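Tertiary structure, described
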Amino acid sequence: MKTIALFDPIRQELERVERKIYQAVQTEDEQLSAIARSLFSHRGKLIRPALVILSSGFHPVAEGQVTALAAAVEMLHTATLVHDDLIDSASLRRGAPTLNSQWNHSIAVLIGDYLFSRAAALAAETGNIR
């Protein structure tokens, strides 16, 4: 996992978030799972999940809720990138081919929508509608 040194104190939490994301995109359809997993194999610095984890220290909250929300935030962000790449007809993101350059536009839209729905399901795991 690639993280910045500032996040060393929360490295274990970030690893839990990564595992949560991979579990969330696992489905009976192996092709869908493989495509979704591939999106998270070229990870960024996990800044958004790290901010969720760090800000959770301001209020008492269960670890599982924090992990679910941090994973939801990262998944939501990734979904927006999939759709953004499609709209911009981008062929690369972080040096890797985009979904829309590897597959057709319909697949890219559906994968982005799938990630949106999985992010919503993860957010619902927090049990807090706000």
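These numbers come from a predicted model, not from an experiment.

**Quick word on the overall build of the chain**
Per the secondary structure count, the chain includes six helices and two strands. Beginning at the N terminus, the succession of helices and strands in the chain can be written as α-α-α-α-β-β-α-α. Computed over the C-alpha atoms, the radius of gyration of the chain is 15 Å, within 12% of the 14 Å expected from 2.2 N^0.38 for a compact globule of 130 residues. Taken along its principal axes, the extent of the C-alpha atoms in the chain is 45 × 30 × 25 Å. Residues counted as buried form 39% of the 130 residues belonging to the chain. Taking all contacts inside the chain whose residues are at least 6 apart in sequence as the whole, residues at least 24 apart take part in 67%. For the chain, the exposed area adds up to about 7,500 Å²; of that, 57% sits on carbon and sulfur atoms.

**Looking at the environment of arginine 11**
With respect to the helices and strands, the residue arginine 11 is situated in helix H1 (residues 11–24). By relative accessible area, which is 26% here, arginine 11 ends up partly exposed. A sequence separation of 39 residues divides arginine 11 from alanine 50, and the C-alpha atoms of the two residues are 8.9 Å apart.

**Observations concerning the nonpolar core**
Soluble globular proteins tend to pack their nonpolar side chains together in the buried interior. In this structure, Leu14, Ile53, Met75 and Leu115 are the most contacted members of the largest nonpolar core, which totals 29 residues. Counting residues per element, this core draws most heavily on helix H4 (residues 63–88), at eight residues. In contact with isoleucine 53, other than residues within four places in its own chain, are Ile10, Glu13, Leu14, Val17, Val66 and Ala70.

**Looking at the pattern of salt bridges**
Pairs can form between side chains of opposite charge once their charged atoms are near each other. Counted under the stated rule, the structure contains six salt bridges. A salt bridge links glutamate 125 to lysine 20, with the nearest nitrogen and oxygen atoms 2.7 Å apart. With glutamate 125 in the segment after helix H6 (105–124) and lysine 20 in helix H1, this pair connects stretches of sequence that are 105 residues apart. Between arginine 93 and aspartate 84 there is a salt bridge; the shortest N-O distance is 3.6 Å. Judged by relative accessible area, arginine 93 falls into the partly exposed class, the value being 28%.

**Here's the deal with the packing of H1 against H4**
With their axes 9 Å apart at the nearest point, H1 and H4 run at an angle of 65 degrees to one another. Taken together, the axis directions place H1 and H4 in an arrangement best described as roughly perpendicular. Crossing angle aside, the handedness with which H1 passes H4 is right-handed. Together, Arg16, Val17, Lys20, Ile21 and Ala24 of H1 and Glu63, Thr67, Ala68, Ala70, Ala71, Glu74 and Met75 of H4 make up the contact between the two elements. Looking at side-chain class alone, the contact of H1 with H4 contains seven nonpolar, one polar and four charged residues.

Cut-offs and rules
In this convention, every chain numbers its residues from 1, walking through the sequence in written order. Local features in this predicted model are restricted to residues of pLDDT 70 or higher, and side-chain atom pairs are both shown and tallied only at a pLDDT of 80 or more, whereas totals for entire chains, interfaces and linings draw on every residue. Side-chain measures were taken over the full set of non-hydrogen atoms in the model, leaving aside hydrogen atoms and water. What counts as a helix is a DSSP run of H or I of at least four residues, what counts as a strand is a run of E of at least two, and both are numbered from the N terminus. With C-alpha atoms as the basis for the radius of gyration, the globule rule is written as 2.2 Å multiplied by the number of residues raised to the power 0.38. Partly exposed describes any residue whose relative accessible area lies between the buried limit of under 20% and the exposed limit of over 50%, with all areas from a 1.4 Å probe on protein chains only and scaled to the type maximum. The contact definition used throughout considers only heavy atoms, calling two residues in contact when any of these lie within 4.5 Å. Accessibility throughout is a Shrake-Rupley quantity obtained with a 1.4 Å probe, and a residue counts as covered only by protein chains that appear here. The term nonpolar core refers to a set of buried residues drawn from Ala, Val, Leu, Ile, Met, Phe, Trp, Tyr and Cys, joined through side-chain atoms within 4.5 Å. The salt bridge definition used is simple: a Lys or Arg side-chain nitrogen within 4 Å of an Asp or Glu carboxyl oxygen. All axes here are fitted lines through C-alpha atoms, helices being fitted over the stretch that makes contact, and every angle between N-to-C directions spans 0 to 180 degrees. Angle categories are assigned with fixed cut-offs, so that under 35 degrees is roughly parallel, over 145 is roughly antiparallel, 65 to 115 is roughly perpendicular, and the rest are oblique. Should the near helix be turned anticlockwise from the far one by less than a right angle, the crossing is termed left-handed; should it be turned clockwise, right-handed. Under the scheme applied, nonpolar residues are Ala, Val, Leu, Ile, Met, Phe, Trp, Tyr, Cys and Pro; charged residues are Asp, Glu, Lys and Arg; polar residues are all the others, including Gly.

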